[in-house]
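As a plain string of letters, each chain reads:
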Amino acid sequence: MKKIELEIVALSHSITQTHSYAVVLGEVNGLRRLPIVIGGFEAQAIAVALEKMHPSRPLTHDLMKNFMSAFTIDLQEIIICDLQEGIFYSKLVCVSEHDTVEIDSRTSDALALAVRFGCPIFTYEHILDSAGILMEDSSAKKKKSSPTTTVSTTDSGSREDLKVLSMDDLTSLLNEVLEQEDYIRAIAIRDEINSRRKTR
């Protein structure tokens, strides 16, 4: 299967839902985005590395990196390899002098390590097809910048609210919330659109 390279483009959270965070991955040289819901601690672990902060004592992912480096193990890449019932599955591809090993990992942990090692992030076409969001050209033309942490102030809305909207309304709403960088709400809208397409 052909791998598609991704990069972290944003880390987003919602004021209205305290524990809702999303890490947003963008297709390198492409228009698709892959938002993944993660927990607060996981978001912090990624944000600390993105912002190049240096805590006085090593965090868990820093400890893991130090451990791997001490034993001459490098993180070559991470692969978001599966999606089942809304849960993403990932692998760490670790390389030592004598061996290459794939290790099962939570996606949030894999991303936190990828930022620390500076290694590439990959996924497969079928995952982007089922969970990705296509950005419009105007968004892609914006000057590329480093990953940002975005605070979303809009109401995230419930599944019931989305069920009364037509497909056209859902598509318009999706574009609107993406423009506002409200990725938490975009995930809910994307899931509603995908569930309707499956029932057709």
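Look above for the structure.
What this report covers is the structure whose coordinates are included nearby. (Residues numbered from 1 in each chain as written. Predicted model: local features only at pLDDT ≥ 70, side-chain atom pairs only at ≥ 80, totals over all residues. Heavy atoms only, no water.)

## Points about helix H7 (residues 167-179)
Move 1: With 13 residues, H7 ought to run about 18 Å at 1.5 Å a step, and its terminal C-alpha atoms sit 18 Å apart, in line with that.
Move 2: Positive phi shows up at Glu181, right after H7, with a value of about 60°. (Helix = DSSP H or I, 4+ residues; strand = E, 2+ residues; numbered from the N terminus. Expected span 1.5 Å × (residues − 1).)

## Some thoughts on the packing of aromatic side chains
Move 1: Counted according to the given criterion, the structure contains one aromatic pair.
Move 2: With a centroid separation of 5.1 Å and an interplanar angle of 45°, the aromatic rings of Phe67 and Phe71 are classed as tilted.
Move 3: A cation sits over an aromatic face here: Lys3 above Phe122, 4.6 Å from the ring centre.
Move 4: In this structure, Lys65 packs its charged tip against the face of Phe117, placed 5.2 Å from the ring centre. (Phe/Tyr/Trp six-rings, centres within 6.5 Å; stacked < 30°, edge-to-face > 60°. Lys NZ or Arg CZ within 6 Å of the ring centre and 35° of its normal.)

## Brief notes about the state of the cysteines
Move 1: Throughout the structure, instances matching the rule amount to zero disulfides.
Move 2: With no disulfide of its own, Cys94 lies closest to Cys119 among cysteine sulfurs, the gap being 8.9 Å.
Move 3: Judged by relative accessible area, Cys94 falls into the buried class, the value being 7%. (Disulfide = S-S within 2.5 Å. Buried < 20%, exposed > 50% of the residue type's maximum accessible area, 1.4 Å probe, protein only.)

## Regarding the packing of H7 against helix H8 (residues 183-199)
Move 1: Where H7 meets H8, the closest approach of the two axes is 9 Å, and the angle between their N-to-C directions is 155°. By the angle between their directions, the pair H7 and H8 is classed as roughly antiparallel. Handedness of the crossing formed by H7 with H8: left-handed. Contacts between H7 and H8 involve Met167, Leu170, Thr171, Leu173, Leu174, Val177 and Leu178 on the former and, on the latter, Tyr183, Arg185, Ala186, Ile189, Glu192, Ile193, Arg196 and Arg197.
Move 2: Each residue belonging to the contact of H7 with H8 can be placed in one class, and the counts come to 10 nonpolar, one polar and four charged. (Axes fitted to C-alpha atoms, helices over the stretch in contact; angles between N-to-C directions. Parallel < 35°, antiparallel > 145°, perpendicular 65-115°, else oblique. Left-handed = near helix turned anticlockwise from the far one by under 90°. Contact = heavy atoms within 4.5 Å. Nonpolar A, V, L, I, M, F, W, Y, C, P; charged D, E, K, R; others polar.)

## Overview of the pattern of salt bridges
Move 1: Enumeration over the complete set of coordinates arrives at 11 salt bridges.
Move 2: Between Asp62 and Arg116 there is a salt bridge whose closest N-O contact spans 2.7 Å. With Asp62 in helix H2 (residues 60-70) and Arg116 in helix H3 (residues 107-117), this pair connects stretches of sequence that are 54 residues apart.
Move 3: Its relative accessible area of 13% is what places Arg116 among the buried residues.
Move 4: The residue Asp109 makes a salt bridge to Arg106 at a minimum N-O spacing of 3.0 Å. (Salt bridge = Lys/Arg side-chain N within 4 Å of Asp/Glu carboxyl O.)

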